[in-house]
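The lines below spell out each chain.
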Amino acid sequence: AQSVTQPDIHITVSEGASLELRCNYSYGATPYLFWYVQSPGQGLQLLLKYFSGDTLVQGIKGFEAEFKRSQSSFNLRKPSVHWSDAAEYFCAVGVKDNFNKFYFGSGTKLNVKP
Amino acid sequence: DVKVTQSSRYLVKRTGEKVFLECVQDMDHENMFWYRQDPGLGLRLIYFSYDVKMKEKGDIPEGYSVSREKKERFSLILESASTNQTSMYLCASTEGETQYFGPGTRLLVL
């Protein structure tokens, strides 16, 4: 069965520091991979996605993610965090079997220290 | 620009009431989804629809039903609201392989 694991529930980083949020998935083939961000009380906004090709993908707000097939991982990175990046981040797997079902991780809540 | 809207941002209902949550997308998407989001549990799929009048149960359909009479509108119905249905409800629609979300409805059942 497909699953998505985000091992870090909470992460705190200082403003200006680098960030890496971890995501591991379980799926038999190469899935479609996504990162979403959710600000308090809001819906989910798409940050970036990977379908195929170059394993390093760029997204909005200065984020990037790298697909590593050997590790079944799709970690999200940002070289310098801004206070406005404080939010909850969700990794998701899209499965193209029957109507594009999606599986989400449980989320990582990011706090940014001044 | 992709646009998914939900009829209410906040709702307060009483136990036993029938509750309707509406979701509209204006992009002619075929697939639409309803999730609920609870702390520590992430997003859980309640129902999805792949065409007008077509629906499939997700992982937690109990206590919910859905309606899709028009392609752009997907409604979630709580037949008799209960306190354990207090949650954040998120609607999404799919363009190709990518899912886009509405702003969410936070429902409180008293």
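Placed above this text is the structure.
Calculation criteria
Positions within a chain are numbered from 1, following the residues in the order the chain's sequence is written. All chains are assigned letters beginning with A, and all ligands numbers beginning with 1, in the order in which they are written. In view of the model being predicted, local features appear only for residues whose pLDDT reaches at least 70, and side-chain atom pairs are presented and counted only at 80 or more, with totals across whole chains, interfaces and linings using the full set of residues. Heavy atoms from the whole structure form the basis of all side-chain values; hydrogens and water molecules are not counted. Numbering goes from the N terminus for both helices and strands, where a helix is a DSSP run of H or I of at least four residues and a strand is a run of E of at least two. Only C-alpha atoms enter the radius of gyration, while the globule expectation follows 2.2 Å times N to the 0.38, with N the number of residues. Whether a residue is buried, partly exposed or exposed follows from its accessible area with a 1.4 Å probe, protein chains only, as a fraction of its type maximum: under 20%, in between, or over 50%, in that order. Note on definitions: a residue-residue contact is assigned when non-hydrogen atoms from the two residues lie within 4.5 Å. Cavities and pockets were defined on a 1 Å grid built over protein atoms only: a cavity is a set of grid points that admits a 1.4 Å probe from which the probe cannot escape, a pocket is an open set flanked by protein on both sides within 12 Å along at least five of seven lines, and lining residues are those with an atom within 4 Å of any such point. Grid points are joined across faces, edges and corners, and a volume is the space filled by probe spheres set on the points. When residue character is reported, Ala, Val, Leu, Ile, Met, Phe, Trp, Tyr, Cys and Pro are called nonpolar, Asp, Glu, Lys and Arg charged, and the others, Gly included, polar. When DSSP finds two or more bridges between two strands, those strands count as paired. What counts as an axis is a line fitted to C-alpha atoms, over the stretch in contact for a helix, and the angles between N-to-C directions run from 0 to 180 degrees. What is meant by a nonpolar core is a set of buried Ala, Val, Leu, Ile, Met, Phe, Trp, Tyr and Cys residues, joined one to another through side-chain atoms within 4.5 Å.

Undergrad: Looking at this structure, how should I read the overall build of chain A?
TA: Along the backbone of chain A there are zero helices and twelve strands. Of the regular secondary structure in chain A, the N- to C-terminal order runs β-β-β-β-β-β-β-β-β-β-β-β. Relative to a compact globule of 114 residues, whose C-alpha radius of gyration would be 13 Å, chain A shows 14 Å and is just as compact. Counting only C-alpha atoms, chain A reaches 45 × 30 × 20 Å along its principal axes. Split into buried and exposed, the 114 residues of chain A put 46% on the buried side. Looking at chain A alone, contacts between residues at least 24 apart form 52% of all its contacts between residues at least 6 apart.

Undergrad: Would you mind going over the environment of Leu76 of chain B with me for this structure?
TA: All names here are of chain B. Following the sequence through the fold, Leu76 ends up in strand β8 (residues 73-78). Remark: the alpha-carbon pair of Leu76 and Leu21, spanning 55 residues in sequence, is separated by 5.0 Å. Apart from the residues lying within four places of it in its own chain, the contact partners of Leu76 are Val19, Phe20, Leu21, Trp34, Ile46, Tyr64, Ser65, Val66 and Tyr89.

Undergrad: Looking at this structure, I do not really get empty space enclosed by the protein. What am I missing?
TA: Rolled over the atoms, a probe as big as a water molecule pinpoints where empty space is left. For the coordinates displayed, the defined rule picks out one cavity of 30 Å³ or more. Considering only residue class, the lining of the largest cavity consists of six nonpolar, two polar and two charged.

Undergrad: For this particular structure, what's the right way to read the sheet that holds β8 of chain B?
TA: Sheet strands associate in pairs through backbone hydrogen bonding, adopting either a parallel or an antiparallel arrangement. Residues and elements named next belong to chain B. Reading across from one edge, β1-β3-β8-β7 is the order of the four strands in this open sheet, with antiparallel pairing throughout. Two strands lie at the open edges of the sheet, namely β1 (4-6) and β7 (64-70), each paired on one side alone. Pairwise comparison of adjacent strand axes, ignoring direction, gives a mean angle of 20° for this sheet.

Undergrad: I would appreciate a short explanation of the nonpolar core in the present structure.
TA: One recurring pattern in soluble globular proteins: nonpolar side chains tend to sit buried together. Tyr36 and Phe104 of chain A together with Trp34, Tyr35, Leu76, Tyr89 and Phe101 of chain B are the most contacted members of the largest nonpolar core, which totals 41 residues. Examining the composition of this core, we find that six residues originate from one element, strand β5 (residues 42-51) of chain B, more than from any other. Within the second largest apolar cluster, 27 residues are counted, among which are Val4, Ile11, Phe67 and Ala87 of chain A.

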